[in-house]
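Listed below, chain by chain, are the residues.
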Amino acid sequence: MGCCDGGAAHRRAVLLFLAAVVAATCVAAAAAQEPNTDAYFVSGFFSKLSRPAPSASGAGGVCSWPGVSCDGEGRVTAFSAAGMGLAGAIPEDTVGKLARLQVLDLSGNRLTALPNDLWELGASLRALNLSGNAIAGALPNNVGNFARLQALDVSHNAFAGTLPQALGSIASLQVLNASHNRFQGQVPSAVVFGCGNLVAMDISGNALDGDLPDLSPLRSLAYLNLSGNRLGGSVISAFQEQLKSIDLSNNHFTGLNFSSGYAGSALMYLDLSGNELLGEFNIAGRFRNLRHVNLAYNQLSNANMLVSMGEISELEYVNLSSTGLHGQIPPQFSFRLVGLKVLDLSRNNISGVVPDMSSLRLRVLDLSVNNLTGDIPVALVKKLASMDRFNFSYNNLTVCASELSPEAFAAAFAKSRNDCPIAVNPDSIKKGRGKRKGMKLALAIVLSLFFSILGLLCLAVACRRRRKRCDTLPVVKQVSFKEEPAVSGPFAFQTDSTTWVADVKVATSVPVVIFEKPLLSFTFADLLAATSNFDRGTLLAEGRFGPVYRGFLPGGIQVAVKVLVHGSVMEDQDAARELERLGRIKHPNLVPLTGYCLAGDQRIAIYEYMENGNLHNLLHDLPLGVQTTEDWSGDTWEDNVGGVATEIITPEGTATWMFRHKIALGAARALAFLHHGCIPQIVHRDVKASSIYFDCSMEPRLSDFGLSMIAGTSTDNNLLHHSPGYTPPEFSISENAMATAKSDVYSFGVVLFELVTGKKPLGDEYPDQKEASLVNWARAMVKANLGSSIIDPKIRDTGLERQMEEALRIAYLCTAELPSKRPAMQQIVGLLKDIGPKVAEQD
């Protein structure tokens, strides 16, 4: 009985204790949420953004919340709400009231505006990170209130206007990152003279212009990134002795000379690619610690540069593509650059032989499009299998790479001579079986020769009899193709003597050139058979340059045949040379030109067939396997395997922001390659949705590049302009306007507007506007900060809305009225890569 009473008393005591603890916790929580406390402000931050506050993990109240740190008095000193999907304006009377806040990190959200009381943190704030949001408008001069700020990151937003001069009043600032916004104007001189403690400055991916200011006052600066702007003039002021990293790529810099005393002993990373630098790049005696150097797409023309660079033993990455280099690859590259991982010397005038670089740690080696000769060292060929990427195409090289597949050999050694002996593998074939196969092979050869000789004898006898017979008959006119029976097609070949086919007297005498299969002998007659005599049943599309037909050449080679019906002022030899050049241009996002035919006065371009139609069909709900030709929108193609219809890709599989972004980036890369990777530069002149095709893997590929030179005539100026809806404003102002890379950029901007809005360039419904074109409507909406309202409903919920809005802003930049205000395609590629969706980010 006593024991039971004792147990009951013990239980009552435990219950009373627990009740006291709960009561104390409730009192503490209530006290923590009192008005004008840090807990109240932090809790209000989440509630005003319609998000629940994190739950406390102890008795510490707000100080125990994830992302919150406090001082000894329980006051919040650090607050992080990064990557939580928060959307809308940062609310007033929340984080701006945390009087002792030193670190604020709101990065990776969808915040759109700053609170007015944020600047009240000037007495305490040391680090502010607002990157990866959608904050628009100007960055106010109030930022100068943060007198103790050491790190400021506002990158990847939509800030516009000029960088505030007040940044120069933050003497303690060490890190400034304002990259990938829409800042304009010059680099503020106040920052250079006022931020003497600055260690890292990144203002890349904006629209800054003018000359580079003298950076010598920034004596602590070690990392400088000004890439992807419109800066010009000389780069000399950027080369300060203490700098470790310099990135000035994708600007308009022209001057290159260094000061005589500059050694660059601290420099480890240098990127000057995509500028307009001319002359010598004198690196002799400099950059002894350089590891990464990229000078691609400039005109340096310095034969001694390779020799000097071969002395920098620490190099790991070298890209000198398209720099006008000549001379030979020095032997130093083979034994001094032991740490070299990437070497790109493509698209230059380098001659001589390929040195043995098998002892290096190369992961990427590109020596394509040069004047190299001789054999590729056997040891280097064996090393290729361990590399990530290699290319020796378009030289005059000899190689035996028997371990590579025919496809890999064709891609990496185009125009090289295969010097592999023809032999069997003794390890895989038994001796006795090998002997029997050898006897069979010999017997087959003997029989083939016998019947070949017999056939030739019979042919000779027949020809002799025919000649005798012809001597007794009247002379008959040679039959032209227009007189061949059973011919039907869109040009009425059999009746209209003015058509171009009438000039092709003997179809079997006109050769068809197929670049990758030079041993196959095709003729114009094969093209006729492949396209059913150019019948409308094989018609894919009718573009400005002429109709496109689908066909199957002998051997099952599926092609798209484009007849350039407008003719050309080029001579046959010049047209063939230009088509050969276009055939050498390869890029993953270009439709390959696989061959051509010169039939009479007509030029015929032969392309790799794209199975899944074009972007115009995709965006406007036409079946992807069917082109837009008359009333064919409900048909499907039949392939060459058993007559099975090609699968129609459903809209659900492609109507996502990730796929639309993939299309935009692929098309941008193709244009950037044409503009900056081809010498001479290729201006497309007709960028539009129907010029972007999809291959069997749904990879976007740009078609029709370079055709304006071949198909254009002096009397048909329409071929030198852009298609309706894609035409830049300068063409409507002046009849003499010439197509340039910047006019291609404008047309690409129209395509980008199409991708995000789903609207046609002309004749569509543009809500809430009286505009007659997509560009005028979309630009007006973006300018009014209403970009989110014009996103295609099909893709709105398939990705981050801020990324789609940023794509609209990129299209806005591309469609600027003045060509000089439009970015280069290389810059556009960078901007699109920066907003690329990731699977983990999908809502």
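None of the values given here were measured: they were computed from a predicted structure.

## Regarding the environment of Val 76
Item 1. The topology assignment puts Val 76 in strand E2 (residues 76-80).
Item 2. A C-alpha to C-alpha distance of 8.3 Å links Val 76 and Ala 39, two positions 37 residues apart in sequence.
Item 3. Ignoring any residue separated from it by four or fewer positions in sequence, one finds Val 76 in contact with Asp 38, Val 42, Val 62, Val 68, Ser 69, Cys 70, Leu 98, Arg 100 and Leu 101.

## What to know about the packing of helix H13 (residues 657-676) against helix H16 (residues 741-757)
Item 1. One way to put it is that H13 packs onto H16 with a least axis distance of 10 Å and a crossing angle of 175°. Here H13 lies roughly antiparallel to H16, going by the angle between them. Contacts from Trp 657, Arg 660, Ile 663, Ala 664, Ala 667, Ala 668, Leu 671 and His 675 of H13 reach H16 at Ala 741, Asp 744, Phe 748, Leu 752, Leu 755 and Val 756.
Item 2. Residues belonging to the contact of H13 with H16 are distributed by class as follows: 11 nonpolar, one polar and two charged.

## A short note on the side chain of Gln 827
Item 1. Relative to the helices and strands, Gln 827 is located in helix H19 (residues 825-834).
Item 2. Since its relative accessible area comes to 7%, Gln 827 is described here as buried.
Item 3. Excluding anything up to four places from it in sequence, Gln 827 contacts Gly 228, Asn 229, Arg 230 and Asn 250.

## A word on the sheet that holds strand E7 (residues 136-138)
Item 1. Strand order in the open sheet formed by six strands is E7-E9-E11-E13-E15-E17, and the pairing between neighbours is parallel. Across the chains shown, the open sheet's two edge strands, defined by having one partner strand only, are E7 and strand E17 (252-255). On average, adjacent strands in this sheet sit at an angle of 15° to one another, irrespective of strand direction.
Item 2. In terms of strand pairing, strand E11 (residues 182-185) meets strand E13 (residues 207-211) through two bridges, oriented parallel. Pairing of Gly 185 across the sheet is with Leu 208, part of E13.

## Some words on the confidence of the model for the protein chain
Item 1. For the protein chain, the average pLDDT comes to 79, and 76% of its residues sit at 70 or higher.
Item 2. When pLDDT is averaged over each helix and strand of the protein chain, the minimum, 47, is found for helix H1 (residues 2-32) and the maximum, 96, for strand E4 (residues 103-105).
Item 3. A low-confidence stretch, residues 465-498 (pLDDT under 50), is modelled with 45 contacts involving residues beyond four sequence positions or located in other chains.
Item 4. A low-confidence stretch, residues 713-720 (pLDDT under 50), is modelled with 16 contacts involving residues beyond four sequence positions or located in other chains.

## Some remarks on the pattern of salt bridges
Item 1. Using the criterion set out here, one finds 19 salt bridges in the structure.
Item 2. Between Asp 686 and Lys 688 there is a salt bridge, and its shortest N-O distance comes to 3.3 Å.
Item 3. Assessed through its relative accessible area of 13%, Lys 688 is described here as buried.
Item 4. When the shortest N-O distance is used, the salt bridge between Arg 809 and Glu 806 registers 3.0 Å. Note that Arg 809 and Glu 806 are positioned in helix H18 (residues 801-814) at a spacing of three residues, about one turn of the helix.
Item 5. Accessibility expressed as a relative area gives 14% for Glu 806, which makes it buried.
Item 6. Through salt bridges with shared partners, a single ionic network connects Asp 71, Glu 73 and Arg 100.

## Examining H16
Item 1. Compared with an ideal rise of 1.5 Å per residue, which puts 17 residues at 24 Å, H16 spans 24 Å between its outermost C-alpha atoms and is within 8% of the ideal.
Item 2. Among the residues trailing H16, Gly 758 stands out with phi positive, at a value near 75°.

## Regarding the packing of helix H17 (residues 774-783) against H18
Each pair of packed helices can be described by the angle between their axes along with the distance between the axes.
Item 1. Interhelical geometry of H17 versus H18 gives an angle of 120° and a closest axis separation of 10 Å. With respect to H18, the element H17 is oriented oblique. Pair H17 / H18 crosses with left-handed handedness. Residues Arg 779, Val 782 and Lys 783 of H17 lie in contact with H18, whose contacting residues are Leu 808, Arg 809 and Tyr 812.
Item 2. Its residues assigned to classes, the contact of H17 with H18 comprises three nonpolar, no polar and three charged.

## A look at the environment of Ser 245
Item 1. Within the secondary structure layout, Ser 245 lies in strand E16 (residues 245-247).
Item 2. Once the C-alpha coordinates of Ser 245 and Leu 267 are considered, the two residues, 22 residues apart in sequence, prove to be 6.0 Å apart.
Item 3. In this structure Ser 245 touches Ala 222, Tyr 223, Leu 224, Leu 267 and Tyr 269, once residues within four positions along its chain are discounted.

Reading guide: rules and limits
Throughout this description, residue numbers start from 1 for each chain and increase along the sequence as written. Only residues with pLDDT of at least 70 are given local features in this predicted model, and only at 80 or more are side-chain atom pairs given and counted; all residues enter the totals for whole chains, interfaces and linings. Hydrogens and water are ignored here; the side-chain numbers use all heavy atoms of the structure. Secondary structure counts use DSSP, requiring at least four H or I residues in a row for a helix and at least two E residues in a row for a strand, with both numbered from the N terminus. When checking whether two residues touch, look at their non-hydrogen atoms; a contact exists if any pair is within 4.5 Å. Here, axes are lines fitted to C-alpha atoms. For helices the fit covers the stretch in contact, and angles between N-to-C directions go from 0 to 180 degrees. Angle categories: roughly parallel below 35 degrees, roughly antiparallel above 145, roughly perpendicular from 65 to 115, and oblique for all the rest. Polarity classes work like this: nonpolar for Ala, Val, Leu, Ile, Met, Phe, Trp, Tyr, Cys and Pro, charged for Asp, Glu, Lys and Arg, and polar for all others, with Gly in that last group. Exposure categories follow from relative accessible area, calculated using a 1.4 Å probe and restricted to protein chains: below 20% of the type maximum is buried, above 50% is exposed, and the middle band is partly exposed. In short, DSSP must find at least two bridges between two strands for them to pair. The predictor rates its confidence in each residue with pLDDT, a number between 0 and 100. For this document, the term salt bridge refers to a Lys or Arg side-chain nitrogen within 4 Å of an Asp or Glu carboxyl oxygen. A helix is expected to span 1.5 Å for every residue after the first. The sense of a crossing depends on the near helix, which, turned anticlockwise from the far helix by less than a right angle, makes the crossing left-handed and, turned clockwise, makes it right-handed.

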